[in-house]
Amino acid sequence: MALKEQISASDPLSSTILISEKPVVEELHSKGSAVFKVYPGSSREKTVRITLPETIIGRAGECHFRLDVPSVSRFHARVFARGHEYVIEDLGSTNGTFVNGVQVLRCVLRHSDQIQLGQAKIYFFEERACHRKAV
Amino acid sequence: MPQEGSVKDRQTMEVTFWGTRGSISTPGRGTEKYGGNTPCVSVTVGDIQIILDAGTGIRNLGLEVDGESIGKEKISRFHLFLSHTHWDHIQGLPFFQPLYEPHAHLTVYGSRKKGRFLSSILKGQMDVDYFPIGLSELAATLDIQEISSRVIRLGPVMVDWEEQSFHPGGSVRYRLSLNGKKIVYATDVELDRLYEPTISKREREAHLKRYIKFVENADILIADGQYTEEEYPKKAGWGHTSIPVLIDLALQAQVRQLAIFHHDPRRLDAEIDDLWRMGLERIKAKGSHMTLFWAREGMTLAI
């Protein structure tokens, strides 16, 4: 099943938003990089490249990655690099951090994981998909 | 700035999957999402460190705790509960880094029903023919206990257990309780056997009653669901449960979260994704809100 179809099939709340695998994959250049595709509820989708060893996600202005959504806590979660992987960790948020529908305290992220913080939905894409495509 | 998310209090059980694969480790691109290491789950409550099984996943757990304890002279205590001693549940133990640290203390608990003593079995896998370092040469303090009491208390955590009937050589299920919350670890058991015509109705009901009572209202049930319904007939007698049987029993027991565990070594990530979708449909059709997922390496839940 194509990634686009997977996302719309698994996520009825974002069924009006279709994303194509191709543009996402084409954005990924540097080795070890990853991006988030964000659907923050009412506002428009955006793409955020993960460049820092630690990225704080939340509603507060101090966050590296700000989600201006009421159901997102001020400091909701952090994403950090551990070895060659990225890990998401809940920071004691009110509404929890979910990966593919499961509430987690911490979770190693894998390509095309769906993360939900409050009403905001984020998809995680690893750079390695680019290599697969290129070959 | 925010606090670290890690739960270090004694009110919450922090459950981490280090190995979820059954039978044999399966490294490779096709299994990296759910993981290729054999069974190991840690449950941390404050400074109490409980480990369920010592498959190859325990190696990464050891590396993590070893990294955290560098430069510290404090004794690290671990409590390892073995479901049984088949390879996939013990083969990571010689690679558990804290065993080579003088400040580490490991207590191993296992069934007393073994024909051979538990310590002999663990010593056997570290015999010179299999491994260069013997069990008695480890720097850590090792205490191997065959479980003698019905309940083991580790600080505020209560661990109780039951022998399971349907696995070659036997196996044990464990229940960890803290402040009314319950984690049940029940892997390597063939629950499908309960429905064989050779089992009398009375025997079936007795087994079911015992099983349901043990897992009832678990906040998380980590359980063997190695086979699909279609695969099971060819694997009958191998000691593992089919997914629909497990889901239906978990629903009956009103489990809150079911983590399907002990993935078949041939199962690829994409196939698990498909099984997950089908499992969710089964639950939805029965009108339940139970959370269902396939356990995945590197995932930590707060219970």
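The structure this text deals with has already been given above.
Note that this is a predicted model, so its numbers are computed, not measured. (Residues numbered from 1 in each chain as written. Chains lettered and ligands numbered in written order. Predicted model: local features only at pLDDT ≥ 70, side-chain atom pairs only at ≥ 80, totals over all residues. Heavy atoms only, no water.)

Focus on the overall build of chain A
So, step 1. Helices and strands together make up the secondary structure of chain A, namely three helices and 11 strands.
So, step 2. Ordered by position from N to C terminus, the α and β elements of chain A give α-α-β-β-β-β-β-β-β-β-β-β-β-α.
So, step 3. Sorting the 135 residues of chain A into buried and exposed places 55% on the buried side.
So, step 4. Excluding contacts between residues fewer than 6 apart, the proportion of contacts in chain A whose partners are at least 24 apart in sequence is 35%. (Helix = DSSP H or I, 4+ residues; strand = E, 2+ residues; numbered from the N terminus. Buried < 20%, exposed > 50% of the residue type's maximum accessible area, 1.4 Å probe, protein only. Contact = heavy atoms within 4.5 Å.)

Topic: helix H7 (residues 269-285) of chain B
So, step 1. The end-to-end C-alpha distance of H7(B) is 24 Å, a good match for the 24 Å that 17 residues give at a rise of 1.5 Å each.
So, step 2. Burial in H7(B) covers these residues: B:Asp269, B:Ile272, B:Asp273, B:Leu275, B:Trp276, B:Gly279 and B:Ile283. All buried residues of H7(B) lie within an arc of 165° about the axis, which places them on one face of the element. In this structure, H7(B) carries B:Ala270, B:Glu281, B:Lys284 and B:Ala285 as exposed residues pointing more than 90 degrees from its buried face.
So, step 3. Residues of H7(B) that are buried sit in contact with strand S8 (102-104) of chain A together with helix H6 (243-252) and strand S13 (291-294) of chain B. (Expected span 1.5 Å × (residues − 1). Arc of directions from axis to C-beta.)

Some words on the packing of helix H4 (residues 201-215) of chain B against H6(B)
Residues and elements named next belong to chain B.
So, step 1. One can describe the packing of H4 onto H6 by two numbers: an axis separation of 9 Å at closest approach and a directional angle of 65°. Accordingly, the angle class assigned to the pair H4 and H6 is roughly perpendicular. Judged by the twist between their axes, the crossing of H4 over H6 is right-handed. Here Leu208, Tyr211 and Ile212 of H4 come into contact with H6, specifically with Leu246, Leu249 and Gln252. (Axes fitted to C-alpha atoms, helices over the stretch in contact; angles between N-to-C directions. Parallel < 35°, antiparallel > 145°, perpendicular 65-115°, else oblique. Left-handed = near helix turned anticlockwise from the far one by under 90°.)

Thoughts on the sheet that holds strand S10 (residues 181-186) of chain B
Residue and element names in this part refer to chain B.
So, step 1. Spatially, the seven strands line up as an open sheet ordered S7-S8-S9-S10-S11-S12-S13, and their pairing is mixed. In this open sheet, the two strands that pair with only one neighbour each are strand S7 (151-154) and S13. Taken pair by pair, the neighbouring strands of this sheet meet at an average axis angle of 20°, ignoring direction.
So, step 2. Bridging between strand S9 (residues 171-178) and S10 involves five bridges; their strand directions are antiparallel. Residue pairing across strands places leucine 176 opposite isoleucine 183, the latter belonging to S10.
So, step 3. Against the sheet, H4 touches strand S8 (157-164), S9, S10 and strand S11 (220-224), its axis set at about 35° to S9. (Pairing = 2+ DSSP bridges.)

Considerations on the side chain of A:Gln114
So, step 1. Tracing the chain through its elements places A:Gln114 in strand S10 (residues 113-117).
So, step 2. A polar side-chain atom of A:Gln114 sits 3.2 Å from a polar atom in the side chain of A:Tyr123. (Polar contact = N/O pair within 3.5 Å; in protein donor to acceptor, adjacent residues only side chain to side chain.)

Focus: the state of the cysteines
So, step 1. Per the counting criterion, the structure on display carries zero disulfides over all chains.
So, step 2. Distance from the sulfur of A:Cys107, which forms no disulfide, to the nearest cysteine sulfur (B:Cys40) is 16 Å. (Disulfide = S-S within 2.5 Å.)

Observations concerning the pattern of salt bridges
So, step 1. Counting across every chain of the model gives 22 salt bridges over all chains.
So, step 2. Across the pair A:Arg74 and A:Glu62 runs a salt bridge whose closest N-O atoms are separated by 4.0 Å. Placement of A:Arg74 in the loop between strand S4 (65-66) and strand S5 (77-82) and of A:Glu62 in the loop between strand S3 (54-58) and S4 is noted, with a sequence separation of 12 residues between them.
So, step 3. The residue B:Asp160 makes a salt bridge to B:Arg175 at a minimum N-O spacing of 2.6 Å. (Salt bridge = Lys/Arg side-chain N within 4 Å of Asp/Glu carboxyl O.)

On their own, these measurements won't tell you what the molecule is for.
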